[in-house]
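Architecture and fold: a report
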Amino acid sequence: MVYTVSPEVTPAAELTSAAARLEIMPGVALWPGYFDRTRQASLVADIFSRALDAPFYRPLMPRTGKPFSVEETNFGSLGWVSDESGYRYEKMHPLTGHPWPAMPPLLERTWFELTGCCAGPECCLVNLYRGRARMGLHQDRDEAELLAPVLSVSLGDDAVFRIGCSTRRAPSRSFVLRSGDVVVFGGPARLAFHAIDRVLEKSSCLVPGGGRLNLTLRRVARFPQQEDARPGG
Ligand code: MD6
Ligand code: FE
């Protein structure tokens, strides 16, 4: 199946301040300022309120057990976790033992608008970057459904996002992700290595206490068998 980030999908006017869709490279689309300032502020408030039941924590690296510099939590039926035994999806928060809070409806709606998928994401990973936190070069590859793209929303401080291709040492390119930006990547870029090399501290005052939030929405389980559950279907 040939995957495309559907160009005919235009965001609902009431959700957005800008509808421009830029193709960064094949399979990687960026909507700069997709969420306006009001939506950004309400998303941040919503995230911290949901996180009262699922506190941010520092996951541990597989094998070494070294803590991430980023703090994380999740929303949705499955959360992405990491510890000495590896990366995986779990139904419960590792510290509270409770199910993750529900996915914010605005994010779920954005998923359907921008990905063209008919099946929703089970996971919203929330990354909180404070101080000099960063994220090393990685692939998102713990999902069973690699036909589904990954959608990410940036809030707060600007960050330098680097993306290459599916081999770690291939050349990469960098661009700045700003508050309100949405990135969707899939198809030929679904397994591209990517990183947050640095966050430009105090470039925004959106996040209480400073820093940057990133929300990464992922479809984890295989799509239902109908053709129309697939991207662009
Ligand atoms: C971040 N983002 O922006 C980390 N992964 O903080 C990701 O790791 C990411 O932005 C898959 C797709 C889009 C992303
Ligand atoms: Fe990622």
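Right, let's walk through the structure included here.

Criteria and thresholds
- Residues numbered from 1 in each chain as written.
- Chains lettered and ligands numbered in written order.
- Predicted model: local features only at pLDDT ≥ 70, side-chain atom pairs only at ≥ 80, totals over all residues.
- Heavy atoms only, no water.
- Salt bridge = Lys/Arg side-chain N within 4 Å of Asp/Glu carboxyl O.
- Buried < 20%, exposed > 50% of the residue type's maximum accessible area, 1.4 Å probe, protein only.
- Helix = DSSP H or I, 4+ residues; strand = E, 2+ residues; numbered from the N terminus.
- Pairing = 2+ DSSP bridges.
- Near = heavy atom within 4 Å.
- Polar contact = N/O pair within 3.5 Å; in protein donor to acceptor, adjacent residues only side chain to side chain.
- Areas by Shrake-Rupley, 256 points an atom, 1.4 Å probe, with all protein chains shown as cover.
- Nonpolar A, V, L, I, M, F, W, Y, C, P; charged D, E, K, R; others polar.
- Donors = N, O, S within 2.8 Å, 3.2 Å for Na, K, Ca; no water.
- Phe/Tyr/Trp six-rings, centres within 6.5 Å; stacked < 30°, edge-to-face > 60°.

Once that is clear, we can look at the pattern of salt bridges. Evaluation of the coordinates by the stated rule reveals twelve salt bridges. Residue D83 is joined to R88 by a salt bridge in which the shortest nitrogen-to-oxygen separation is 2.7 Å. For R88, a relative accessible area of 26% puts it in the partly exposed group. We note a salt bridge from E122 to R219, for which the minimum N-O separation is 3.7 Å. With a gap of 97 residues between them, E122 in the loop between α2 (105-115) and β6 (123-129) and R219 in the segment after β13 (212-218) connect regions that are remote in the sequence. By relative accessible area, which is 12% here, R219 ends up buried. Put simply, D140, E143, R190 and R218 are held in one network by salt bridges that share partners.

Across five bridges, strand β4 (residues 79-83) lies against strand β5 (residues 86-90) in antiparallel orientation. Across the sheet, residue W80 finds its bridge partner in β5, namely Y89. Here β4 hands over to β5 after two residues, the two strands then running antiparallel side by side.

Turning next to the site of ligand 1. Lining the immediate environment of ligand 1, one finds Y129, M135, H138, D140, V150, S152, F161, F185, H194, I196, R212 and N214. A distance of 3.2 Å is found between a nitrogen atom of ligand 1 and a side-chain nitrogen or oxygen belonging to D140. Relative to its free-state accessible area of 350 Å², ligand 1 is covered by the protein chains to the extent of 99%. Where the shell around ligand 1 is concerned, the elements lending two or more residues are β7 (135-138), β8 (150-156), β12 (194-199) and β13. Taken together, the residues of the shell around ligand 1 sort by class into six nonpolar, four polar and two charged.

Moving on: the coordination of the iron ion (ligand 2). Octahedral six-donor coordination of a metal ideally yields angles of 90 or 180 degrees, compared with 109.5 degrees for tetrahedral four-donor coordination. Protein coordination of the iron ion (ligand 2) is provided by H138 (NE2), D140 (OD) and H194 (NE2), with donor distances spanning 2.1 to 2.2 Å. In the primary structure, the donors to the iron ion (ligand 2) are separated according to the pattern H-x1-D-x53-H. One end of the pair, H138, is in strand β7; the other, H194, is in strand β12, with 56 residues separating them in the sequence.

Here the focus is the packing of aromatic side chains. Within the structure shown, the criterion is met by five aromatic pairs. When the ring of F48 is compared with that of F56, the centres are 6.0 Å apart and the planes differ by 55°; the resulting orientation is tilted. Relative accessible area serves as the criterion here: at 17%, F56 is assigned to the buried category. Ring centres 5.1 Å apart and planes at 35° place the aromatic pair W80 and Y87 in the tilted group. Here W80 falls in the buried class, since its relative accessible area comes to 8%. For Y87, a relative accessible area of 43% puts it in the partly exposed group.

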